[in-house]
Amino acid sequence: MKSDASNFILAYDVSKNNLIMRGIFSYLFIILLTASMHVCGQSIMPEAGSLHTIGESSNLERKGRTVRYDLYVRDTIVNFTGKRKKAIAINGSIPAPALYFNEGDTAEIYVHNEMKVETSIHWHGLLLPNQYDGVPYLTTQPIAAGTTHKFHFPLIQNGTYWYHSHTRLQEQSGMHGALIIRKSVPDQEREYTILLSDWTDMKPTEVQRRLHNQSDWFAIKKGSTQSYAEAARVGHFGTKLKNEWKRMAAMDVSDVYYEKFMINGKPLQNVQNLKGGDKVRLRVINGSASTYFWLTYSGGKITVVANDGKDVEHVEVDRLIVGVSETYDVILTIPKNMKYEFLATSEDRTSTTSVWLGEGMEMPAKKLPGLNYFSGMSMMNKMMSRKGNMKEMKMTNQIMDMNKIMYPETAMNKKMPMDMSEDKLHMGHSMLEMMPKNDSSSLVTLNYSMLKANTDTELPKWPTRILNFELTGNMNRYVWTINNKTVSETDKILIKRGENIRIIMVNNTMMRHPMHLHGHFFRVLNGQGKYSPLKTVLDIMPMETDTIEFAASESGDWFFHCHILYHMMSGMGRVFSYENSPPNREVLDPVQSYKKIKSDDRTIYPLAKIGVESSGSDGYVIFANTRYRFSTEWRIGFNKKDGWETESHLGRYVGKMQWLFPYIGWDFRKRTIDPTERNIFGQSVDEGQNIFGQENSKNFRQVFHLGLQYTLPLLIVADASVDHTGNVRFQLLREDIPFSKRLRMSFMVNTDKEYMAGFRYIITKSFSLSTHYDSDMGYGGGITITY
């Protein structure tokens, strides 16, 4: 018995130890599996681009969790267009992985920067502690190369949001992803997350540089140039002439040419397992850098149910435009057992991207035609004064889309009476009555006045402070400002906790601006009273006046800016700063950190144009930023007697339109002249006198001078200067007169009896064929290289 008992006890002990060991190994396996999922950046939630029903996963039913994600930021190579290009991926994908949470969860996100440069992540639209907002140097320390940053914040809201880099131009290179917070009581529709994006093969820094240097290469690529030949061909020569008389550059609705537009990183997506009668919720996020998208659906009406993460009363429309960084939740119905297209078309109509819903025969959405730019130009001419200001219009909340004159599908260019006299300009919404009631123009297009919150959104009974923001800037030098000041030219706007801030915004530019406020929802005063919708982004159209308001209930510094990436980097923004806020432990040196914020719009952009022709070389190099410019130009004759000249200017642009440019500079010149030589008019090229009767030093001079340039009507630059010897020179100059899509003319004439005229035919963004006649060097032909 003793032996049997001992054997039984021994067997029990072994069995117990096996159970214990198996339990330990099982526990360790679960820990390792969970850790590996985190390390790989995998989500326990469905990814963006997968169709799913709320409640399918037991994880969705758990509340109050701490949900961890690990995001690895790496340099990568992509091939979206047949060319290998550098990009930035998170967890190996572009766009970044979608992050899913439930309302009430706590987000714990580790961002591992494996690049050689610093980065950042901003959680767009989230209400969170200031230190986690993710604007480097303003709210959160930049994530240095090779380091990891932990974000830990509660999720006190639900809805469709996204995240992206806020470091310089990294967002354009692929650093953006969806962030979805499900309701505690989930909606029942199946859903699909869509992140729209734009892709350029050109380096984002090069895009920004070319925008600042007035290159029209993007317009050539898009087919949106508005030359005199093109204007004459469609009967708008006078429109083009008037446009330039008012010193306006060619208009456009989007600044950048993009090779690809994508949904979740692909041109086309397919959502299957849908049949007739099914409904699906699309969470649409515009994660592009600078592109607005028109959304249309071949299966019928689009039901808008949420905007910028907040629910609204359901409204049915035929189409809507989603601004840069806006989000919309829409519900679509599958009419029959077929395949229907949800089409996203870039606002400039250059290309599309789409999602196909269902299975069977394809039912494509109707493609939107190209824009009538000269019709838009004609409209803008009537609305722009000679001083560059937009005439006052009583327009608000996208009710009257003045770009609509450019849409061929509305046929407004032929049918809408264009009486834009002063009395008509103040008719406001009654101008809607002027629209034709044909099948196309009767389509229901979403505007902000149609959005109504489904709960009371009135602000607390706090004192109200009113701020007036005029959105300003000009396309000629690509300057974007608020009240004619960039971020670097202003101080922070101090606000107090316990007051309501009302902002009246007037868009005095010809571009749309999606204005985004960090860390707060604001009310859009759209006529819905206490049910005014809450948003974090307001798309304000040209000539509009819109009013928003928010309760100042936070602390710290919060960025308010245009979300077109290149506008923000050019200075269109402000910083709201709560008085008496506790120190932000993420901002170690507030003074030096704010200087880093200001450095963005102070960036200096180089430009060079080098002509090499049979008679010699001429060209210039320019270094310029928002206000200042330094330039050096030269002329070198290949014939020794033609000699050389170099002239340099350093100055500052003045005024909102920057038409005035005072400068200091120097001019050095030397050439050998044959007294018997004659120009094309039979005149001697010897020095003689200038037209003011002063000794002409055009053959030899070494002078310093003061001058003033002013842009005249027709974009002609008048230049008056006086040198240290007292000689005066007056000059008229214009470059790049657009004769045709690719043919440009330039000319110069001055009181020293010098003159030049030439042509340049653009082959590529950097290479042109050129020819010109110069009073010094005669005829020449060759090439011009542009950088």
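Here, every reference points to the structure presented above.
Every residue gets a number counted from 1 within its own chain, in the order that chain's sequence is written. The predicted nature of this model means local features are confined to residues of pLDDT at least 70 and side-chain atom pairs, given and counted, to a pLDDT of 80 or more, with totals for whole chains, interfaces and linings taken over all residues. In computing side-chain values, all of the structure's heavy atoms are included and hydrogens and water are not.

Draft legend 1. Main features of the packing of aromatic side chains. Two rings from Phe, Tyr or Trp (for Trp, the six-membered ring) form a pair when their centres sit within 6.5 Å of each other. Planes less than 30 degrees apart are called stacked, planes more than 60 degrees apart edge-to-face, and all others tilted. All chains considered together, the criterion is met by 24 aromatic pairs. Connected via pairs of aromatic rings, a cluster forms that spans Trp123, Tyr132, Phe151, Phe153 and Tyr163. The side chain of arginine 68 reaches across the aromatic face of tyrosine 110, ending 4.1 Å from its centre. In this analysis the charged atom, NZ for Lys or CZ for Arg, is taken to sit over a ring once it is within 6 Å of the ring centre and within 35 degrees of the ring normal. Across the ring face of tryptophan 294, the terminal group of arginine 319 is positioned such that the distance to the ring centre comes to 4.5 Å.

Draft legend 2. Representation of unusual backbone geometry. Residue proline 95 is reached from isoleucine 94 by a cis peptide bond, and omega for that bond is 0 degrees. Helix numbers and strand numbers start at the N terminus; a helix is a DSSP run of H or I with at least 4 residues, a strand a run of E with at least 2. Relative to the helices and strands, proline 95 is located in the loop between β3 (85–90) and β4 (96–102). The backbone of tyrosine 478 sits at a positive phi, close to 55 degrees, despite the residue not being glycine. Think of it in three bands: residues with accessible area under 20% of the maximum for their type are buried, residues over 50% are exposed, and the middle band is partly exposed, with areas taken using a 1.4 Å probe on protein chains only. Looking at tyrosine 478, the relative accessible area reads 1%, which means it is buried. Of note, the phi angle at leucine 714 is positive, near 70 degrees, even though the residue is not glycine. The topology assignment puts leucine 714 in the loop between β38 (700–711) and β39 (717–723). With a relative accessible area of 25%, leucine 714 lands in the partly exposed category.

Draft legend 3. Structural context of helix α10 (residues 590–598). Listed in full, the buried residues belonging to α10 are Ser593, Tyr594, Ile597 and Lys598. Within α10, the buried residues cover an arc of 145 degrees as seen down the axis, which keeps them to one side. Lining the buried residues of α10 we find β32 (573–578). Working note: the arc is built from the helix axis to C-beta atom directions. Contacts between residues were defined by any pair of non-hydrogen atoms, one from each residue, lying within 4.5 Å.

Draft legend 4. Quick peek at empty space enclosed by the protein. Cavities and pockets were defined on a 1 Å grid built from protein atoms only: a cavity is a group of points that admits a 1.4 Å probe but offers it no way out, a pocket is an open group of points flanked by protein on both sides within 12 Å along at least five of seven lines, and a lining residue is one with an atom within 4 Å of any such point. Grid points are joined across faces, edges and corners, and a volume is the space filled by probe spheres set on the points. According to the stated counting rule, one finds 11 cavities of 30 Å³ or more in the structure shown. A volume near 200 Å³ is recorded for the second largest cavity. In terms of residues, the lining of the second largest cavity owes the most to one element, strand β22 (residues 464–474), which gives three residues. Residues belonging to the lining of the second largest cavity are distributed by class as follows: nine nonpolar, seven polar and two charged. Classification used: nonpolar for Ala, Val, Leu, Ile, Met, Phe, Trp, Tyr, Cys and Pro, charged for Asp, Glu, Lys and Arg, polar for all others including Gly.

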